[in-house]
Amino acid sequence: MSGLPVADRRVVRRSVLRLVTEDGRAVALVLVLHSAAAVAGLAPPWLLGRIVDEVTAGGGTAAVDRLALAIAGCVLLHGLLARYAQYTGHRFGERAVARLREAFVARALDLPISVIERAGTGELATRSSVDVTTVGTTVRDVTPVMVIAGTQLSLLFGAIFLLHPLLGLVALVGLPSIVGVTRWYLRRARSAYLAEGAATAELTEALTTTAEGARTVEALRLGADRVADGTRRIGRLWATRRATLALRSVFFPVVEASYALPIAMVLLFGGLLLEHGMVTLGEVVAAALYLQQAIEPLDRLLQFMEQAQRGLASFARVLGVGQSTGTAATPAAAGAPRPRAPTSAGPGRLVVGGARFSYPGGPEVLHGIDLVVLPGERLAVVGPSGAGKSTLARLLAGIDEPREGVVRLDGVAVTDLDPAERCRRIALVTQEHHVFIGTVRDNLAFAAPDATDEQMRAALLAVHADWYADLPAGLDTQLGDGARELGAADAQQLALARLVLADPDTLILDEATAALDPTTARRTERALAAVVVGRTVVAIAHRLNTAHDADRVAVLEDGRITELGSHDELLRAGGAYAALWRSWHG
Ligand code: ADP
């Protein structure tokens, strides 16, 4: 299962071209240097041929010495030029890889949450590690080698033609089989390597989730199950690797044979031409040496063609991350400007109209929700587990888009809002509070990069984060693994302080205190009480005292709102809420 798209060839080609043209001068310099190095590399075989001819003609040692000295000079020049060419090439590669990585991170951060949830973090992790590295290696190491090899080969074959056109023609006999088998190989390689990449991602995903859920695995004794699942996935990966290996095992032997053939033919025909006095012995020797010299670049070219193929497959997967059209990202994907909701008026009016929703491949969870949340109102949503409360919260926060109907904030569909704007205006508060590795300041700055230290301290104070006073280095204290670890309530307060700084006008609280122990829950509630002032609040209420304190209560049962009114009204009505309240009060 791969939830993220893979870019098509056209997009990949355009991106490769952009990568080259963005740094056009460096690429031109690399080409010039490599060509010069290749020309310097061509001279020795020709000079060696000259030595053979000199000796055959009975020339003196002085001429041979001169030629030998010229060979040494050419070798030295070739080495120097090749070194600078490689140096320039690597610098270009590093710059290109840096640009790629930056673009990848930007694209990954732009992904709507629902897309990441559907794709799985393993998929994204593989693309950001294995695939980006493969592309990096391809750009940095493979492309320069292919450029060098290509230049060398054109010059080598050109040189053989110059020695004698017939020798040149004979030298080409190996090419048809090389071209044929390469085309055969490349046609199959793309899909085979994509399959291998997908199987690797699935395995990574399985291993990551097992590691993350190690406690659950242990508690429920799922060890054997997870091992069996891992074995199955390894089996699938093994099958895809076998497929790519099968391709290589046809490709390389054919190519090897195609190298030997032209050398034999050049010697054979060269002998015939020599007998007819059409070439000298030195020219035949030079041609054979050129062909021998061509093996190495040809080998590298073909070998790296495979690597380049892998690189292109990975590049397609990397670029695919930017092509994700999540349920919450349609206008951006289409390149349309996102409307902005009016911002000056404080909390907005949240309207849900005829909203229906189902998770991919699942039954309908919400069956036509109509709801208006007034600016500044506190609305509690209660109902049995599985009724769709969390799903409604996700729709209200714009994480998912209703399949039918709309969720609007001040007249603008929340999923149409620019993601930054949406985050600024609506916040979904769940129980998951991640403390990022870094300082307290880093952790708070996510929400408000421009916040001053004073504002940060005020935010922590507002949510009653008393622990802040004990921190050794204040805002500069390191948090997270290996540094200061925060308890559940402290982490929640940090998250709420972040919320105070982000200052959204609408809060969707989902199970914010449900699974916490009573002391932690009380501390969190106190912190929350400080945060909710002056904002519109929709609280998914798991404890009825939340509902009691709210302005209105909506009862959600089986994906429908069955009751809506104030606590007192609903009690008087004597419906489901009244029954719930009575049973809760025992
Ligand atoms: P509640 O918050 O009221 O307990 P939820 O909104 O979590 O209810 O769930 C409503 C229904 O949607 C349930 O049947 C649940 O199984 C299903 N559901 C919730 N999350 C997902 C998901 N990510 N994928 C598929 N189905 C889901």
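The structure this text deals with has already been given above.
The paragraphs below set out a description of the structure included in this document.

Definitions and cut-offs
Residues numbered from 1 in each chain as written. Predicted model: local features only at pLDDT ≥ 70, side-chain atom pairs only at ≥ 80, totals over all residues. Heavy atoms only, no water. Near = heavy atom within 4 Å. Areas by Shrake-Rupley, 256 points an atom, 1.4 Å probe, with all protein chains shown as cover. Helix = DSSP H or I, 4+ residues; strand = E, 2+ residues; numbered from the N terminus. Nonpolar A, V, L, I, M, F, W, Y, C, P; charged D, E, K, R; others polar. 1 Å grid on protein atoms, 1.4 Å probe; cavity = no way out; pocket = protein on both sides within 12 Å on 5 of 7 lines; lining within 4 Å. Points joined across faces, edges and corners; volume = space filled by probe spheres on them. Pairing = 2+ DSSP bridges. Core = buried A, V, L, I, M, F, W, Y, C linked by side-chain atoms within 4.5 Å. Buried < 20%, exposed > 50% of the residue type's maximum accessible area, 1.4 Å probe, protein only. Contact = heavy atoms within 4.5 Å. Phe/Tyr/Trp six-rings, centres within 6.5 Å; stacked < 30°, edge-to-face > 60°. Lys NZ or Arg CZ within 6 Å of the ring centre and 35° of its normal.

1. Section: the site of the ligand
- Around the ligand, the neighbouring residues are Y359, V365, P384, S385, G386, A387, G388, K389, S390 and T391.
- The protein chains hide 54% of the 560 Å² of surface that the ligand would expose on its own.
- The biggest single contributor to the shell around the ligand is helix 12 (residues 389-396), with three residues.
- Grouping the constituent residues of the shell around the ligand by class yields four nonpolar, five polar and one charged.

2. Observations regarding empty space enclosed by the protein
- Overall, the coordinates contain one cavity of 30 Å³ or more when judged by the stated rule.
- Along the walls of the largest cavity sit 13 residues, with F157, Y259, P262, L291 and L298 positioned nearest its centre.
- Secondary structure elements with two or more residues in the lining of the largest cavity: helix 7 (175-212), helix 9 (223-275) and helix 10 (281-320).
- Of the residues belonging to the lining of the largest cavity, the class tally is eleven nonpolar, two polar and no charged.

3. Overview of the pairing of strand 1 (residues 350-358)
- Relative to strand 2 (residues 364-373), strand 1 is paired through seven bridges, and the arrangement is antiparallel. Across the sheet, residue V352 finds its bridge partner in strand 2, namely L371.
- One ladder, built from five bridges, connects strand 1 with strand 4 (residues 404-409); its direction is antiparallel. Along strand 4, the bridge assignment pairs V351 with R408.

4. Thoughts on the nonpolar core
- I160, L167, V266, Y290 and L291 are the most contacted members of the largest nonpolar core, which has 37 residues in total.
- Looking at this core, the elements with two or more residues in it are helix 5 (121-163), helix 6 (165-171), helix 7, helix 9 and helix 10.
- Element by element, the count of residues in this core is highest for helix 10, at ten residues.
- For I160, the contacting residues outside a window of four places in its chain are L167, G168, A171, A287, Y290 and L291.
- The next biggest cluster of nonpolar side chains, apart from the first, holds 32 residues, and it includes A451, L479, L499 and L509.

5. Section: the packing of aromatic side chains
- For the structure on display, the rule yields four aromatic pairs.
- The interplanar angle of 90° and the centroid separation of 5.0 Å between the aromatic rings of F357 and Y359 together place this pair among those described as edge-to-face.
- Residue classification places F357 among the buried residues on the basis of a relative accessible area of 5%.
- Within the aromatic cluster, the residues linked to one another by ring pairs are Y185, F251 and F252.
- Positioned over the ring face of Y84 is R83, at 4.9 Å from the centre of the ring.
- Over the face of the ring belonging to Y87 we find R83, whose NZ or CZ atom lies 5.5 Å from the ring centre.

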